Amino acid sequence: MPSVRTWRQRAGSTWHLLLKELSAFGAVGAVCFVLDVGLFQLLYTSGSGAVTAKLVSTVVSTTAAYLGHRFWSFAHRERSGYRREYAVFVLVNGLTLLIGLALVAFVRHPLGQEHALVLQAVNVASIGLGTVIRWFAYRRWVFRAVAAPGPDTPPAVDRVSGGRLAAGVEPARSGA
């Protein structure tokens, strides 16, 4: 049975990792928000149509967000293939966008609210809700946690020396 000290160390490292993920998640989100808004403004004022400008700014900022999260926020998590991760990432972002659109549309049409401050409050609330959903979805489905080896998992073998590795030790890389 693990000692109290072991539990404290685990809890401390878990909180440290969670804080690192949250702060990086927020920083990447803030940078990509500015990128989206700035690129939209630049494209729209340069003569692109509003829809085209929004499409391009969204694709660029979503791609930048994926890269920021993959290589910074969740860099320590399992790598399951860029295509799979990016597809799930885009799906999650699309679903949270639809939730935001649905909330604004509901307040505007069935509830009949036209005041800009009411609609902006709903917009901000939908952004907050979408951010919480994306945080959990990225951790659960996009950038999955490294699976802990189970009792039936064969021991890792070093590809260079052929010897068994202790739990948590990375195998040596050959040729690099």
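Residues numbered from 1 in each chain as written. Predicted model: local features only at pLDDT ≥ 70, side-chain atom pairs only at ≥ 80, totals over all residues. Heavy atoms only, no water.

Engineer: Can you tell me about the overall build of the protein chain, naming the residues and giving the values?
Structural biologist: Helices and strands together make up the secondary structure of the protein chain, namely four helices and zero strands. Ordering the α and β elements of the protein chain from the N terminus gives α-α-α-α. The burial tally for the protein chain puts 23% of its 176 residues in the buried class. Across the protein chain, every contact between residues at least 6 apart in sequence was considered, and the portion connecting residues at least 24 apart equals 57%. For the protein chain, the exposed area adds up to about 12300 Å²; of that, 69% sits on carbon and sulfur atoms. (Helix = DSSP H or I, 4+ residues; strand = E, 2+ residues; numbered from the N terminus. Buried < 20%, exposed > 50% of the residue type's maximum accessible area, 1.4 Å probe, protein only. Contact = heavy atoms within 4.5 Å. Areas by Shrake-Rupley, 256 points an atom, 1.4 Å probe, with all protein chains shown as cover.)

Engineer: I'd like a rundown of the pattern of salt bridges, residues and numbers included.
Structural biologist: Overall, the coordinates contain six salt bridges when judged by the stated rule. Across the pair glutamate 21 and arginine 77 runs a salt bridge whose closest N-O atoms are separated by 3.0 Å. Residue glutamate 21 is located in helix α1 (residues 4-45), and its partner arginine 77 is located in the loop between α2 (50-73) and α3 (82-108); the two are separated by 56 residues in the primary sequence. Across the pair arginine 108 and glutamate 114 runs a salt bridge, and its minimum N-O distance is 3.7 Å. Put simply, Glu21, Arg77 and Arg139 are held in one network by salt bridges that share partners. (Salt bridge = Lys/Arg side-chain N within 4 Å of Asp/Glu carboxyl O.)

Engineer: Quick one: what's the story with the side chain of serine 61, residue by residue and with numbers?
Structural biologist: Among the structural elements, serine 61 can be located in helix α2. Among residues more than four places away in sequence, those in contact with serine 61 are Cys32, Leu35 and Asp36.

Engineer: Describe the nonpolar core, listing the residues and the values that go with them.
Structural biologist: Counting 14 residues, the largest nonpolar core has Phe74, Phe89, Val92, Tyr138, Val142 and Phe143 as its most contacted members. Secondary structure elements with two or more residues in this core: α1, α2, α3 and α4 (116-142). Of the residues forming this core, the biggest block, four residues, is contributed by α4. (Core = buried A, V, L, I, M, F, W, Y, C linked by side-chain atoms within 4.5 Å.)

Engineer: Quick rundown of a nonpolar patch on the surface? Include the residues and the values.
Structural biologist: Taken together, the side chains of Leu91, Leu95, Leu97, Leu98 and Leu101 present a nonpolar region at the surface, about 510 Å² in accessible area. Mapped onto the elements of the fold, leucine 101 is located in helix α3. (Patch = residues over 30% accessible without salt bridge, like charges linked within 9 Å, V, L, I, M, F, W, Y side chains within 5 Å.)

Engineer: Kindly report on the packing of α2 against α3, identifying the contributing residues and their values.
Structural biologist: Relative orientation of the contacting elements α2 and α3 amounts to 125 degrees, with a least axis distance of 11 Å. Relative to α3, α2 is oriented oblique. Two packed elements cross with a definite hand, and for α2 against α3 that hand is right-handed. Contact residues: α2 offers Val59, Thr62, Thr63, Ala65, Tyr66, His69, Arg70 and Phe71, while α3 offers Tyr82, Glu85, Tyr86, Phe89 and Val90. Across the contact of α2 with α3, the residue classes break down as eight nonpolar, three polar and two charged. (Axes fitted to C-alpha atoms, helices over the stretch in contact; angles between N-to-C directions. Parallel < 35°, antiparallel > 145°, perpendicular 65-115°, else oblique. Left-handed = near helix turned anticlockwise from the far one by under 90°. Nonpolar A, V, L, I, M, F, W, Y, C, P; charged D, E, K, R; others polar.)

Engineer: Lay out the confidence of the model for the protein chain in plain terms, naming residues and giving numbers.
Structural biologist: Across the protein chain, the average pLDDT comes to 84, with 79% of residues at 70 or higher. Within the protein chain, no element has a lower average pLDDT than α1, which sits at 87, and none a higher one than α2, at 94. Predicted confidence is poor over residues 165-169, with pLDDT under 50, and the contacts of this stretch with residues over four places away or in other chains come to five contacts. Every residue in residues 171-176 is under pLDDT 50, and counting partners more than four places away or in other chains gives nine contacts. (pLDDT = per-residue confidence, 0-100.)

Engineer: Pulling in residues and values, what's your account of the packing of aromatic side chains?
Structural biologist: A complete count under the given rule lists 12 aromatic pairs for this structure. Pairing phenylalanine 74 with tryptophan 135 gives two aromatic rings, centres 5.8 Å apart and planes at 40 degrees, and the pair type is tilted. Taken together, the positions of phenylalanine 74 in the loop between α2 and α3 and tryptophan 135 in helix α4 put the pair 61 residues apart, joining distant regions of the chain. Exposure remark for phenylalanine 74: the relative accessible area of 0% places this residue in the buried category. Judged by centre distance (4.7 Å) and plane angle (20 degrees), the ring pair of phenylalanine 89 and tyrosine 138 falls under stacked. Taken together, the positions of phenylalanine 89 in helix α3 and tyrosine 138 in helix α4 put the pair 49 residues apart, joining distant regions of the chain. Here phenylalanine 89 and tyrosine 138 have matching classes, each one buried. Linked through ring pairs, Phe25, Tyr66, Phe74, Tyr86, Phe89, Trp135, Tyr138 and Phe143 together constitute an aromatic cluster. (Phe/Tyr/Trp six-rings, centres within 6.5 Å; stacked < 30°, edge-to-face > 60°.)

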